[in-house]
Amino acid sequence: MTDRFDGLPAELATLPGESRTTFAALSTANLVANDALNRFDFSGARRQHEETLQRSPRGGPFLVMHSHCVAGLAAREQLDIAAAGRHFTDAMTVSARMGGPSRSSILAGALLGGLRYEQGDLEQARALLDASARLDRQGGPVDFLLATFGSGTRVAALIGDLAAA
């Protein structure tokens, strides 16, 4: 298994007309952004997010949430912490506003919680990371899992809750 998408048909992310709002086109756009993130092309990942939202601002709540999260991860890697925080917050807000399941908002909250931990806001970090840890899941994207369980454990230890850690 690889995290590279060599030969991924990027043109699917730029389909004209009604096709551009399809689940497949939005999913492909997110894969293109993830591929850029995995290749350390952080500007490319952020650019793909902006292009995706311009074409399909009302796509499915999970897909739009995921796009914001990838853009936030790219911003964080570029040390644009303010933008990363905005993207993660937008991911939570958009998901909830679009009628998406709270699960999407909670997943996005894990990334915001990880960022808040890095900024020293342990109270907000703990609330967001604890909510994510309570989700019933068998796996998921590694960035969400690292935030939930890696940062979540560190926050618990820092506040003295070693049993939870």
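The structure this text deals with has already been given above.
Residues numbered from 1 in each chain as written. Predicted model: local features only at pLDDT ≥ 70, side-chain atom pairs only at ≥ 80, totals over all residues. Heavy atoms only, no water.

## What about the overall build of the protein chain?
Worth spelling out the cut-off: Helix and strand definitions here come from DSSP, where helices need a minimum of 4 consecutive H or I residues and strands a minimum of 2 consecutive E residues; each element is numbered from the N-terminal end. The cut-offs for exposure are 20% and 50% of the maximum accessible area for each residue type, with area from a 1.4 Å probe on protein chains only; residues under the lower value are buried, those over the upper are exposed, and the others partly exposed. Residue exposure ignores everything except the shown protein chains as possible cover, and the areas themselves are Shrake-Rupley values with a 1.4 Å probe.
Each helix and strand in the protein chain was counted, giving seven helices and zero strands. Among the 165 residues that make up the protein chain, the fraction classed as buried is 42%. Summed over its atoms, the accessible surface of the protein chain is roughly 8,700 Å², and 55% of this surface lies on carbon and sulfur atoms.

## Looking at helix α2 (residues 42-55)
Inclusion rule: To estimate the expected span of a helix, count its residues, drop one, and scale the result by 1.5 Å. Summarising the geometry, the arc corresponds to the directions from the helix axis toward the C-beta atoms. The contact criterion used throughout is that any non-hydrogen atoms of two residues lie within 4.5 Å.
Look at α2: 20 Å from first C-alpha to last across 14 residues, which is about the 20 Å you get at 1.5 Å a residue. Listed as buried for α2 are Phe-42, Gly-44, Ala-45, Gln-48, His-49, Thr-52, Leu-53 and Arg-55. The arc that holds every buried residue of α2, seen down its axis, measures 165°, which confines them to one face. The secondary structure elements touched by the buried residues of α2 are α1 (23-38), α3 (61-77) and α4 (81-97).

## Focus: the nonpolar core
Note the following rule: For our purposes a nonpolar core is just a set of buried Ala, Val, Leu, Ile, Met, Phe, Trp, Tyr and Cys residues, chained together by side-chain atoms within 4.5 Å.
Counting 28 residues, the largest nonpolar core has Leu-37, Ala-45, Met-65, Cys-69, Phe-88, Leu-111 and Phe-144 as the members making the most contacts within it. Those elements that provide at least two residues to this core are α1, α2, α3, α4, α5 (102-118), α6 (122-133) and α7 (142-158). Among all residues touching Leu-111, those that are not within four sequence positions of it are Cys-69, Leu-73, Phe-88, Asp-143, Phe-144 and Ala-147.

## Points about the pattern of salt bridges
How we decide: Here, a salt bridge means any Lys or Arg side-chain nitrogen found within 4 Å of an Asp or Glu carboxyl oxygen.
For the structure shown, the criterion picks out four salt bridges. We note a salt bridge from Arg-39 to Asp-35, for which the minimum N-O separation is 3.1 Å. For Arg-39, a relative accessible area of 42% corresponds to the partly exposed category. On the basis of relative accessibility, which here comes to 11%, the residue Asp-35 falls in the buried class. We note a salt bridge from Arg-126 to Asp-161, for which the minimum N-O separation is 2.7 Å. With Arg-126 in helix α6 and Asp-161 in the segment after α7, the pair connects residues that are 35 residues apart, well separated along the chain. Assessed through its relative accessible area of 24%, Arg-126 is described here as partly exposed. Overall, Asp-161 belongs to the partly exposed group, its relative accessible area being 26%.

## Description of unusual backbone geometry
Of note, Phe-40 is a non-glycine position whose phi angle comes to about 65°, a positive value. In this structure, Phe-40 sits in the loop between α1 and α2.

## Notes on the packing of aromatic side chains
What counts is decided by this rule: Here a Phe, Tyr or Trp ring, Trp counted by its six-membered ring, pairs with any other such ring whose centre lies within 6.5 Å, and the pair is stacked when the planes are under 30 degrees apart, edge-to-face when over 60, and tilted otherwise.
Summed over the entire model, instances satisfying the criterion amount to one aromatic pair. Here Phe-40 and Phe-42 contribute two aromatic rings whose centre-to-centre distance is 6.1 Å and whose plane-to-plane angle is 85°, an arrangement assigned as edge-to-face. Look at Phe-40 and you get exposed, because its relative accessible area is 64%.

## Looking at α1
With 16 residues, α1 should reach 22 Å at 1.5 Å per residue; the first-to-last C-alpha distance of 22 Å fits that figure. Most of α1 sits out of view: twelve of its 16 residues are buried. For α1, every residue scored as buried is listed here: Ala-25, Leu-26, Ser-27, Thr-28, Ala-29, Asn-30, Val-32, Ala-33, Asn-34, Asp-35, Ala-36 and Leu-37. On its buried face, α1 sits against α2 and α3. Looking one or two residues past α1, Phe-40 carries a phi angle of roughly 65°, positive in sign.

Any link to function would need more than the numbers given here.
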